[in-house]
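# Topology and contacts: notes
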Amino acid sequence: MSEDNLNIKQLLEFYVLSGVDETCGSEVCCLSEQKGAKTALPDSAQPVAGGRPAMSSLALSSAAAVKNADDLCREVQTIDELKQVVENFEGCPLKYNAKHTVIGDGNPAAKIMLVGEAPGAEEDLAGKAFVGRSGRLLDKMLAAIGLDRSLCYICNILPWRPPGNRSPSDAEIAVCLPFLKKQIEIVNPDYIFVLGAVAANSLLGNSDGISRLRGKWMTYETAAGRQIKVLAGYHPAYLLRTPAQKAKAWADFLRLKKAREENN
Ligand code: URA
């Protein structure tokens, strides 16, 4: 291999390690600079070498960002209004690497709400939750218990894709949680099905693994004091990697079906 080819290989390996998984031009550039003052990162979250915000400054800014997210949600009444608020929100650096802000899909008046982790590459491109491989599996599992997106509201803990689908940090989850809570308040579902440990832990405020949490009905209490039944299950992305767990996943979907039938 020539020296030039070796350098290109090393550079590509470096990009992959840094979470780069697609290209959108021939020149390396900083998207946040291109977007100009309106979307500039807050000082505390400016990228450092390597392109990610310094964790200490992000942590320092996150309490203020959470408060800001809470304040912005206060007057919001509809999912469309919330979408506007989230699209204009400046407090989460994930936004600056994402192509779209992905709020929920489906029926905002549904009795069932499904909550995943974060948009993946296909969701980021389409601006719609669960449209990639995981979403197609989710749609099939829903269809098997007589549900589709007209009967559910499907959203994520985070409205922006973490670069390279990395796991979201605690600070990123905390700052986006007010947007999820607002969606729960607006949709006001009877049942919430949380998909995977990140969604379950973030909503329920615990740190148990999904194998312990799945299959049991739990409770989420809204700010207004309404108790909503929550069921946890495996994330469809995990089921695609681990098909042997599909039997347990099926049992969880049947629990949801039974609860829904008993409520009708
Ligand atoms: N995985 C998720 O958790 N959410 C999506 O929208 C897509 C994949």
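Up top you'll find the structure we're talking about.
A short tour of the structure in this document, coming up. (Residues numbered from 1 in each chain as written. Predicted model: local features only at pLDDT ≥ 70, side-chain atom pairs only at ≥ 80, totals over all residues. Heavy atoms only, no water.)

### Focus: helix α8 (residues 197-204)
- Buried residues of α8: Ala 199, Ala 200, Asn 201, Ser 202 and Leu 203, and no others.
- Looking one or two residues beyond α8, the residue adopting positive phi is Gly 205, at roughly 70 degrees. (Buried < 20%, exposed > 50% of the residue type's maximum accessible area, 1.4 Å probe, protein only. Helix = DSSP H or I, 4+ residues; strand = E, 2+ residues; numbered from the N terminus.)

### Some details on the layout of surface pockets
- Considered as a void within the structure, the second largest pocket measures approximately 670 Å³ in volume.
- Along the wall of the second largest pocket there are 28 residues; nearest its centre are Ala 118, Ser 134, Asn 165, His 235 and Ala 237.
- Breaking the lining of the second largest pocket down by element, the ones donating at least two residues are α5 (121-126), α6 (133-144), α8 and α10 (236-241).
- Of the residues forming the lining of the second largest pocket, the biggest block, 4 residues, is contributed by α10.
- Its residues assigned to classes, the lining of the second largest pocket shows 14 nonpolar, 8 polar and 6 charged. (1 Å grid on protein atoms, 1.4 Å probe; cavity = no way out; pocket = protein on both sides within 12 Å on 5 of 7 lines; lining within 4 Å. Points joined across faces, edges and corners; volume = space filled by probe spheres on them. Nonpolar A, V, L, I, M, F, W, Y, C, P; charged D, E, K, R; others polar.)

### Re the pairing of strand β4 (residues 191-195)
- A large share of β4 lies buried, amounting to 5 of its 5 residues.
- Burial along β4 is two-sided: Tyr 191, Phe 193 and Leu 195 facing one way and Ile 192 and Val 194 facing the other are all buried.
- In the sheet, strand β2 (residues 112-116) pairs with β4 via 4 bridges, with the strands oriented parallel. Looking across to β4, one finds that Val 115 is bridged to Val 194. (Pairing = 2+ DSSP bridges.)

### Observations concerning the sheet that holds strand β5 (residues 217-221)
- In space, the 6 strands of this open sheet follow the order β1-β3-β2-β4-β6-β5, with mixed pairing throughout. Sheet topology places β1 (105-106) and β5 at the edges, where each strand pairs with a single neighbour.
- Contacting β2, β3 (152-156) and β4, α6 crosses the sheet at an angle of about 150 degrees to β3.
- In this fold α8 packs onto β2, β4, β5 and β6 (227-233), with an angle of close to 130 degrees to the strand it touches most, β4. (Contact = heavy atoms within 4.5 Å. Axes fitted to C-alpha atoms, helices over the stretch in contact; angles between N-to-C directions.)

### Focus on the site of the ligand
- All residues in the neighbourhood of the ligand are listed as Gly 116, Glu 117, Ala 118, Pro 119, Gly 120, Glu 123, Ala 129, Phe 130, Asn 156 and His 235.
- Within the backbone of Ala 118, a nitrogen or oxygen atom sits 3.0 Å from a nitrogen atom of the ligand.
- Here the ligand, which alone exposes 240 Å², has 92% of that area covered by the protein.
- Grouping the amino acids of the shell around the ligand by side-chain chemistry returns 4 nonpolar, 4 polar and 2 charged. (Near = heavy atom within 4 Å. Polar contact = N/O pair within 3.5 Å; in protein donor to acceptor, adjacent residues only side chain to side chain. Areas by Shrake-Rupley, 256 points an atom, 1.4 Å probe, with all protein chains shown as cover.)

### Topic: the nonpolar core
- Counting 63 residues, the largest nonpolar core has Met 113, Leu 114, Val 115, Phe 179, Leu 180, Ile 192 and Val 194 as the members making the most contacts within it.
- Looking at this core element by element, the count peaks at 8 residues for helix α7 (residues 170-187).
- Excluding residues within four positions of it along the chain, Ile 192 makes contact with Met 113, Val 115, Ile 184, Leu 203, Tyr 220, Ile 228, Lys 229, Val 230 and Leu 231. (Core = buried A, V, L, I, M, F, W, Y, C linked by side-chain atoms within 4.5 Å.)

### Considering unusual backbone geometry
- Unlike most non-glycine residues, Phe 130 shows phi in positive territory, near 50 degrees.
- Its place among the elements puts Phe 130 in the loop between α5 and α6.
- One non-glycine residue with positive phi stands out, namely Asn 188, at about 55 degrees.
- Examined against the element boundaries, Asn 188 turns out to sit in the loop between α7 and β4.

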